[in-house]
Amino acid sequence: MKKALTFVALFGVIGLFAAAPKQAEARPQYLKAFLVKYDIAEAKELKCGVCHGEGGKNKKVVSDYGKALGKALGEKNVKDADKIAEALGEAAKAKNGDDGSYGDLLDKGKLPPAAE
């Protein structure tokens, strides 16, 4: 009986850990580099919402600008500041629909269209 209770308790603890919410994989280095290159006040408020949907709350939804940045980075979770700055430059060259490039928009102090 004692072994059975220990067994049930053990699986209960394992179940709690398995059901715990997953940690977000924040990438603050991207926002930091973005703010260094483009000092846009609205970006400071939006934070992850510059690239992600629902004001940054939905990380699965990425704007076209965010996709361009991801493509320019070439891999996930890049930490090298120089590589991030270079990728921001490449993403700025990407076309923003009929309005020219993202760089044109950002140089005017405007953020790219939000993710839908």
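Scope of this entry: the structure provided in the associated data block. (Residues numbered from 1 in each chain as written. Predicted model: local features only at pLDDT ≥ 70, side-chain atom pairs only at ≥ 80, totals over all residues. Heavy atoms only, no water.)

## Considering the overall build of the chain
Right, so step 1: Scanning the chain from N- to C-terminus turns up six helices and two strands.
Right, so step 2: Listing every helix and strand of the chain by position from the N terminus yields α-α-α-β-β-α-α-α.
Right, so step 3: The buried share of the chain, taken over its 116 residues, is 30%.
Right, so step 4: Contacts in the chain between residues far apart in sequence, at least 24 positions, make up 47% of those at least 6 positions apart.
Right, so step 5: Element-wise, carbon and sulfur atoms account for 57% of the exposed surface of the chain, whose accessible area totals about 8,600 Å². (Helix = DSSP H or I, 4+ residues; strand = E, 2+ residues; numbered from the N terminus. Buried < 20%, exposed > 50% of the residue type's maximum accessible area, 1.4 Å probe, protein only. Contact = heavy atoms within 4.5 Å. Areas by Shrake-Rupley, 256 points an atom, 1.4 Å probe, with all protein chains shown as cover.)

## Regarding the nonpolar core
Right, so step 1: With 21 residues, the main nonpolar core has F34 and Y65 as its most contacted residues.
Right, so step 2: A per-element tally of this core places helix α5 (residues 81-93) first, with five residues.
Right, so step 3: When neighbours within four sequence positions are excluded, F34 is seen to be in contact with A43, V50, Y65, L88, L106 and L111. (Core = buried A, V, L, I, M, F, W, Y, C linked by side-chain atoms within 4.5 Å.)

## Looking at the packing of aromatic side chains
Right, so step 1: As enumerated under the stated definition, the model contains three aromatic pairs in all.
Right, so step 2: Seen from their ring centres, F34 and Y38 are 5.2 Å apart, and the 50° between their planes marks the pair as tilted. Considered together, F34 and Y38 belong to a single accessibility category, that of buried residues.
Right, so step 3: With a centroid separation of 6.2 Å and an interplanar angle of 70°, the aromatic rings of F34 and Y65 are classed as edge-to-face. With F34 in helix α2 (residues 28-37) and Y65 in helix α4 (residues 64-73), this residue pair connects regions lying 31 residues apart in the sequence.
Right, so step 4: Owing to a relative accessible area of 1%, Y65 belongs among the buried residues under this scheme.
Right, so step 5: In this structure an aromatic cluster arises from ring pairing among F34, Y38, Y65 and Y102. (Phe/Tyr/Trp six-rings, centres within 6.5 Å; stacked < 30°, edge-to-face > 60°.)

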